[in-house]
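As a plain string of letters, each chain reads:
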Amino acid sequence: ENNKDMLVAVQRGSSFSLKKEFGNIDIVSYDGGEVSHLIEALRDEDSYVRSTAAKELDKIGWQPQNQEEEILYFIAKHYWEGLVRIGYPAVPYLIKLLKDKDSEVRYRAVKALGEIGSQEIASHLRGIIIEALIEALKDEEWIVHHTAAGVLVKIGFPAIPYLIEALRDEDIAVRFKAAEVLDQIEWQPQNQEEEILYFIAKHYWEGLVRIGYPAVP
């Protein structure tokens with residue numbers, strides 16, 4: 001009965017009920033349908049629910065049957081090294097984690113994305129990672145946006161076109177952080193427009209005055 005109550009809560013997608021039931025019972029066996037509900041709970045938006053579902057699956061000796069299940073399981077277990085080993089197939093899941101409510105999860109996802117982005121992968125795939133890391137510069141937690149900036153510096157030259165575009169971002173903090181990353185990569189503006197964007201991002205008003213009318217628009 002306890003198993004059934006808990007699993008109905010999972011099926012309804014109720015994170016609160018799932019946590020409550022997991023906290024009050026010790027389950028050691030499931031039928032096939034119940035296991036599928038636990039696997040689905042690995043997708044839950046709550047990191048505690050994901051972690052608890054993984055622990056219950058561990059109790060019955062469950063093993064992922066395909067790569068997606070492996071990725072979801074590694075996320076729930078916070079096995080970031082495993083996700084880096086999987087590589088690009090894990091990237092969409094890691095990008096989704098950048099919106100997780102748990103700042104520790106967001107921080108770890110940024111680090112994992114950086115390690116994958118530093119691997120030998122196609123440039124357009126690396127671009128997707130770089131764009132996600134630039135978006136992470138907006139994170140309210142210092143450890144997350146600071147780590148994202150450091151990862152972009154580590155990626156280096158391939159990140160430059162995306163960082164230049166970020167100098168146009170409507171978010172003043174993103175523009176400033178993008179300029180700081182470009183500084184650490186030792187980038188220099190290649191034309192007057194880039195110089196203007198860079199000076200605006202760095203709040204270098206004297207430089208804009210020196211440029212004169214071209215900076216007015």
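Reference entry: report on the structure contained in this document. Worth saying up front: this structure is predicted, and the values here are computed from it rather than measured. (Residues numbered from 1 in each chain as written. Predicted model: local features only at pLDDT ≥ 70, side-chain atom pairs only at ≥ 80, totals over all residues. Heavy atoms only, no water.)

## Considering the layout of surface pockets
In this structure, the largest pocket occupies an estimated 270 Å³ of space. Elements with a contribution of two residues or more to the lining of the largest pocket: helix 5 (67-77) and helix 7 (91-97). Residue composition of the lining of the largest pocket, grouped by class: five nonpolar, no polar and eight charged. In this structure, the second largest pocket spans a volume of roughly 160 Å³. As for the second largest pocket, its lining consists of His145, His146, Ala149, Gly150, Val153, Lys177, Glu180, Val181 and Gln184. Those elements giving two or more residues to the lining of the second largest pocket turn out to be helix 10 (142-155) and helix 12 (172-185). Broken down by element, the residue count for the lining of the second largest pocket peaks at five residues, all from helix 10. (1 Å grid on protein atoms, 1.4 Å probe; cavity = no way out; pocket = protein on both sides within 12 Å on 5 of 7 lines; lining within 4 Å. Points joined across faces, edges and corners; volume = space filled by probe spheres on them. Helix = DSSP H or I, 4+ residues; strand = E, 2+ residues; numbered from the N terminus. Nonpolar A, V, L, I, M, F, W, Y, C, P; charged D, E, K, R; others polar.)

## Observations concerning helix 4 (residues 47-59)
For helix 4, which comprises 13 residues, the first-to-last C-alpha distance of 19 Å matches the rise-based estimate of 18 Å (1.5 Å per residue) to within 8%. Regarding helix 4, its N-cap is Asp46, as a side-chain oxygen of that residue lies 2.7 Å from the backbone nitrogen of Tyr48 further along. Remark: Gly61 follows helix 4 within two positions and exhibits a positive phi of approximately 70°. (Expected span 1.5 Å × (residues − 1). Polar contact = N/O pair within 3.5 Å; in protein donor to acceptor, adjacent residues only side chain to side chain.)

## Focus on the nonpolar core
Within the largest apolar cluster, 66 residues are counted, with the highest numbers of intra-cluster contacts made by Leu42, Leu94, Leu152, Leu163 and Leu167. Residues in contact with Leu163, not counting those within four places in the same chain, are Ile134, Leu152, Ala178, Val181, Leu182 and Ile185. (Core = buried A, V, L, I, M, F, W, Y, C linked by side-chain atoms within 4.5 Å. Buried < 20%, exposed > 50% of the residue type's maximum accessible area, 1.4 Å probe, protein only. Contact = heavy atoms within 4.5 Å.)

## Some words on the environment of Tyr73
Along the chain, the position of Tyr73 falls in helix 5. Given a relative accessible area of 14%, Tyr73 falls into the buried group. Residues Tyr73 and Leu83 lie 10 residues apart in sequence; the distance between their C-alpha atoms is 9.8 Å. Those residues in contact with Tyr73, other than ones at most four positions away along the chain, are Leu42, Ala54, Asp58, Trp62 and Pro64.

Scope: geometric values only; no functional claims are made or implied.
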